[in-house]
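Coordinate analysis (summary)
Spelled out, the chains give:
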Amino acid sequence: MSERVNVRILLLVGDEAEVVADAPDATEPERYPAVEIAAALGAARKDLPGTRLTARVGAGNRLCDWRRA
């Protein structure tokens, strides 16, 4: 079973969202397609910055399965 982590979307950079995980080993934000996150939440892309979510840690330690916290 994969782990779920708490994350926060810092800002949008073009078509990508900068996401930071609430984890001790998360040193830098990572970028993910904003449209993917917005679709999973049923939210507008422009409303993503500041949103707190949970995500599943998938293959290659990439986040997926976005859900509102």
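Up top is the structure.
**Topic: the overall build of the chain**
A tally of regular secondary structure across the chain gives 1 helix and 5 strands. For the chain, the α and β elements follow one another from N to C terminus as β-β-β-α-β-β. Relative to the 2.2 N^0.38 estimate, which gives 11 Å for 69 residues, the radius of gyration of the chain is 11 Å and therefore close to what a compact globule would have. In the chain, of all internal contacts separated by at least 6 residues, the share reaching a separation of at least 24 is 45%. Accessible area for the chain stands at about 4300 Å²; split by element, carbon and sulfur atoms hold 49% of it.

**With respect to the side chain of Glu18**
Inspection of the secondary structure assignment puts Glu18 in strand E2 (residues 16–21). Among the polar contacts listed, one links the side chain of Glu18 to the side chain of Arg31, at a separation of 3.0 Å. Ignoring sequence-local partners within four residues, the contact set of Glu18 consists of Arg8, Ile9, Leu10, Leu11, Val13, Pro29, Glu30 and Arg31.

**Some details on the nonpolar core**
Membership of the largest hydrophobic core comes to 16 residues, with the highest contact counts inside it found for Val19, Ile37, Leu63 and Trp66. Of all the elements in the fold, those that place two or more residues in this core are strand E1 (4–13), E2, helix H1 (34–41), strand E4 (52–57) and strand E5 (63–68). When residues in this core are grouped by element, the largest group, 4 residues, is from H1. Here Ile37 is in contact with Ile9, Ala17, Val19, Tyr32, Leu48, Leu53 and Trp66, once residues within four sequence places are set aside.

**As for unusual backbone geometry**
Backbone geometry at Asn61 places phi at a positive 60°, although glycine is not the residue there. You can see Asn61 is positioned in the loop between E4 and E5. Relative accessible area serves as the criterion here: at 59%, Asn61 is assigned to the exposed category. The backbone of Asp65 shows a phi angle near 55°, a positive value even though the residue is not glycine.

**Details of the sheet that holds strand E3 (residues 30–33)**
An order of E3-E2-E1-E4-E5 is seen for the 5 strands of this open sheet, with the pairing classed as antiparallel. Each end of this open sheet is capped by a strand with a single partner; those strands are E3 and E5. Strand-to-strand twist across the sheet, computed as the mean angle between neighbouring axes with direction ignored, equals 45°. Across 6 bridges, E1 lies against E2 in antiparallel orientation. Counted as the bridge partner of Leu11 is Glu18 from E2.

Rules used throughout
- Along every chain, residues carry numbers that run from 1 in the direction the sequence is written.
- Local features in a predicted model are, by the rule used here, given only for residues with pLDDT of at least 70; side-chain atom pairs are given and counted only at 80 or more, and totals for whole chains, interfaces and linings are based on all residues.
- Excluded from the side-chain calculation are hydrogens and water; included are all heavy atoms of the structure.
- Numbering of helices and strands runs from the N terminus, with a helix taken as a DSSP run of H or I at least four residues long and a strand as a DSSP run of E at least two residues long.
- Each radius of gyration reported is based on C-alpha atoms, and the globular scaling rule is 2.2 Å times the count of residues to the power 0.38.
- Any two residues having at least one pair of non-hydrogen atoms within 4.5 Å are treated as being in contact.
- Each accessible area is a Shrake-Rupley estimate made with a 1.4 Å probe; only the visible protein chains count as cover when residues are assessed.
- In protein, a polar contact means a hydrogen-donor-capable atom and an acceptor-capable atom, both N or O and within 3.5 Å, with residues adjacent in sequence counting only if both atoms are side-chain atoms; elsewhere, any N or O pair within 3.5 Å suffices.
- Nine residue types can take part in a nonpolar core, namely buried Ala, Val, Leu, Ile, Met, Phe, Trp, Tyr and Cys, and a core is a set of them joined through side-chain atoms within 4.5 Å.
- Summary of the burial criterion: residues with accessible area below 20% of their type's maximum are buried, those above 50% are exposed, and those between are partly exposed, where the area comes from a 1.4 Å probe applied to protein chains only.
- Two strands form a pair only when DSSP identifies at least two bridges running between them.
- Axis lines are fitted through C-alpha atoms, for helices just across the contact stretch, and the angle between N-to-C directions can take any value from 0 to 180 degrees.

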